[in-house]
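What follows is each chain in one-letter form.
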Amino acid sequence: MATSQTILMTGATSGLGFNTAQHLSERLDVNLIVGARNPEQAYHLRSVMPKERLIILPLDLAALESVRQFAAMVIDRLGDRQLTAIALNAGIQIMTGLETTEDGYERTFASNYLGHFLLAWLLLPVLAKQSVVISTASGTHDPKDLLSRQFGFRGGFFPSAKAIVSGTLDNSVSLKQQCLDRYATSKLCNLLFTYDMARRISPDRVRFLAFDPGLMPGTDLARDRSVVERFAWKYILPSVGWFIPGVSSPRQSGRSLSRLLTEPAIAPMSGSYFDYRLKQAKTSDDSRRENWQQELYFLGSQLSGIRIAD
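Position numbers for residues start from 1 in each chain and track the written sequence from start to end. Confidence filtering applies because this is a predicted model: local features only for residues at pLDDT of at least 70, side-chain atom pairs given and counted only at 80 or more, and all residues used for totals across whole chains, interfaces and linings. Each side-chain value is derived from all of the structure's non-hydrogen atoms; neither hydrogens nor water enter the calculation.

**Here's the deal with the nonpolar core**
For soluble globular proteins, nonpolar side chains are generally found buried alongside one another. One finds Leu 8, Leu 83, Phe 109 and Leu 123 to be the most contacted residues of the largest nonpolar core, which totals 50 residues. Per-element accounting of this core gives the leading share, ten residues, to helix H4 (residues 107–123). By definition, residues are in contact when any of their heavy atoms lie within 4.5 Å. In this structure, Leu 8 is in contact with Ile 33, Phe 70, Val 74, Leu 83, Ala 85, Ile 86, Ala 87, Leu 119 and Leu 123, ignoring residues within four places of it in sequence. Ranked by size, the runner-up nonpolar core spans 29 residues in total, among them Ala 12, Leu 54, Ala 85 and Phe 211. We call a set of buried Ala, Val, Leu, Ile, Met, Phe, Trp, Tyr and Cys residues a nonpolar core when their side-chain atoms join them within 4.5 Å. When a residue's accessible area, from a 1.4 Å probe over protein chains only, is under 20% of the maximum for its type it is buried; when over 50% it is exposed; and in between it is partly exposed. In DSSP terms, a helix is any run of H or I states spanning at least four residues, a strand is any run of E spanning at least two, and both are numbered starting from the N terminus.

Printed below as a string of structure tokens:
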């Protein structure tokens, strides 16, 4: 493997991640390490990235032991090399009710946030100086985001970190609304993580960024929605989305994410949030609450078994 840039990505087998990998494959100096639940089924990914520049390893972000095993395999495969970037991109949206992982945590939170939290800390020692860690966030975290509200999102909730872990955010609303709230809250957690880590770790060591890919019709994110919603998501919205502010495509957003991963000049400041147009954007006031950041950080460290100094 060439040693110019070694990038690790979760969620690279479909949607935003796959399109990001396609753009990265065009750069001959980039090698890619991917975590996937079913590596043997990653046919499309293998078709776009040359095998000598691609490593696919098993990873289930909802299972903390799987995250630990994946990190150990990554470190072993790296040898004396270091990672230049990490894309914490994988995400799920569950619309069928409350699901709990084998560790006992709500599945949306565990997959979208906690597994990534643990992975970032485990791989911190093998990150090169001035590397970057990018978390995929979303406008759904913000209760003032008009486009997200049109799709039923109310923004992220933070009654307490323990409530988020159990998935009990607001039991007074419908089952569907509770599912939407859990997804938006997981994206709020990703922003709280980004801002918290940007304070804790020097930007000369690692930059922490968040990325909003926009609404991307046609991806698998709506697979648990109703038949009508899935049809509109897959066939109607992709054709009219160009006329709606905040709507992107996997290819456009993938290009932007690939550039954030490989071009430091675009985002030199740690703790920044960029949208799919590579424009720096604002996040909700709640995402800036340091007390929430700290509460989530300490609980995450307890749940994942990460030892912290403070």
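**What to know about empty space enclosed by the protein**
As defined here, a cavity is a set of points on a 1 Å grid over the protein atoms alone where a 1.4 Å probe fits but cannot get out. A pocket is an open set with protein on both sides within 12 Å along at least five of seven lines, and residues line them when an atom is within 4 Å of a point. Grid points are joined across faces, edges and corners, and a volume is the space filled by probe spheres set on the points. Evaluated as defined, the whole model comprises four cavities of 30 Å³ or more. Size it by volume and the largest cavity reaches roughly 40 Å³. Together, Glu 106, Phe 109, Ile 164, Gly 167, Leu 169, Arg 182, Thr 185 and Ser 186 line the largest cavity. A total of three residues in the lining of the largest cavity trace back to one element, the largest contributor, which is helix H7 (residues 175–200). In this classification, Asp, Glu, Lys and Arg are treated as charged, Ala, Val, Leu, Ile, Met, Phe, Trp, Tyr, Cys and Pro as nonpolar, and every other residue, Gly included, as polar. Of the residues that constitute the lining of the largest cavity, the class distribution is three nonpolar, three polar and two charged.

**Side note on the sheet that holds strand S1 (residues 5–10)**
Strand pairing is defined by DSSP finding a minimum of two bridges between the two strands. Pairing within the open sheet is parallel, and its seven strands lie in the order S3-S2-S1-S4-S5-S6-S7. The sheet is open, and its two borders are formed by strand S3 (54–58) and strand S7 (272–275), each paired with just one other strand. Averaged over all pairs of adjacent strands, the angle between strand axes in this sheet comes to 20°, irrespective of strand direction. When S1 meets strand S2 (residues 30–36), the two strands line up parallel, connected through six bridges. Paired with Thr 10 across the bridge in S2 is Gly 35. Working convention: axes come from line fits to C-alpha atoms, limited for helices to the stretch in contact. Angles between N-to-C directions cover 0 to 180 degrees. Running at roughly 155° to strand S6 (residues 206–212), H7 makes contact with strand S4 (83–88), strand S5 (127–136), S6 and S7 of the sheet.

**Some details on helix H1 (residues 15–25)**
Counting buried residues in H1 gives nine out of eleven residues, a clear majority hidden from the surface. Listing the buried residues of H1 in full gives Leu 16, Gly 17, Phe 18, Asn 19, Thr 20, Ala 21, His 23, Leu 24 and Ser 25.

**Re helix H3 (residues 64–78)**
By definition here, a helix of n residues has an expected span of 1.5 Å times n minus one. Taking 1.5 Å per residue, 15 residues should reach 21 Å; H3 reaches 21 Å between its end C-alpha atoms and fits that length. Residues of H3 that are buried: Leu 64, Ser 66, Val 67, Phe 70, Ala 71, Val 74 and Leu 78. All buried residues of H3 project into a common sector of 150° when viewed along the axis, lining one side. Buried residues belonging to H3 abut S1, S2, S3, S4, H4 and helix H10 (290–304). Our arc is simply the arc of the directions from the helix axis toward the C-beta atoms.

**Brief notes about the pattern of salt bridges**
A pairing counts as a salt bridge when a side-chain nitrogen of Lys or Arg comes within 4 Å of a carboxyl oxygen of Asp or Glu. Counting across every chain of the model gives ten salt bridges. Across the salt bridge formed by Glu 99 and Arg 107, the nearest N and O atoms sit 3.3 Å from each other. By relative accessible area, Glu 99 is classed as partly exposed at 30%. Here Asp 286 makes a salt bridge to Arg 289, at a shortest N to O gap of 3.0 Å. Owing to a relative accessible area of 38%, Arg 289 belongs among the partly exposed residues under this scheme. What emerges from the salt-bridge pattern is a single network uniting Arg 154, Asp 170 and Asp 181.

**Some details on the packing of H1 against helix H9 (residues 250–262)**
Where H1 contacts H9, the two axes come as close as 7 Å, and the packing angle between them is 60°. With respect to H9, the axis of H1 lies oblique. At the point where H1 passes H9, the crossing takes the right-handed sense. Across the interface between the two elements, Gly 15, Leu 16, Asn 19, Thr 20, Gln 22, His 23 and Leu 24 of H1 pack against Pro 250, Arg 251, Ser 253, Gly 254, Arg 255, Leu 257, Ser 258, Leu 261 and Thr 262 of H9. Of the residues assigned to the contact of H1 with H9, the class counts are five nonpolar, nine polar and two charged. By definition in this entry, angles of less than 35 degrees are roughly parallel, angles greater than 145 are roughly antiparallel, angles of 65 to 115 are roughly perpendicular, and the rest are oblique. Definitions for this section: a left-handed crossing has its near helix turned counterclockwise from the far helix by less than a right angle. A right-handed crossing has that turn clockwise.

**Concerning the packing of aromatic side chains**
Aromatic rings from Phe, Tyr and Trp, taking only the six-membered ring of Trp, are treated as a pair when their centres fall within 6.5 Å; an angle between ring planes under 30 degrees marks them as stacked, one over 60 as edge-to-face, and anything in between as tilted. Scanning all chains against the criterion turns up ten aromatic pairs. Centroid distance Phe 117 to Tyr 297: 6.2 Å. Interplanar angle 75°. Geometry classified as edge-to-face. Linking Phe 117 in helix H4 with Tyr 297 in helix H10, this pair joins segments that are 180 residues apart in sequence. The pair Phe 117 / Tyr 297 is uniform in exposure class, with both members buried. With a centroid separation of 5.9 Å and 45° between ring planes, the pair formed by Phe 153 and Tyr 183 is classed as tilted.

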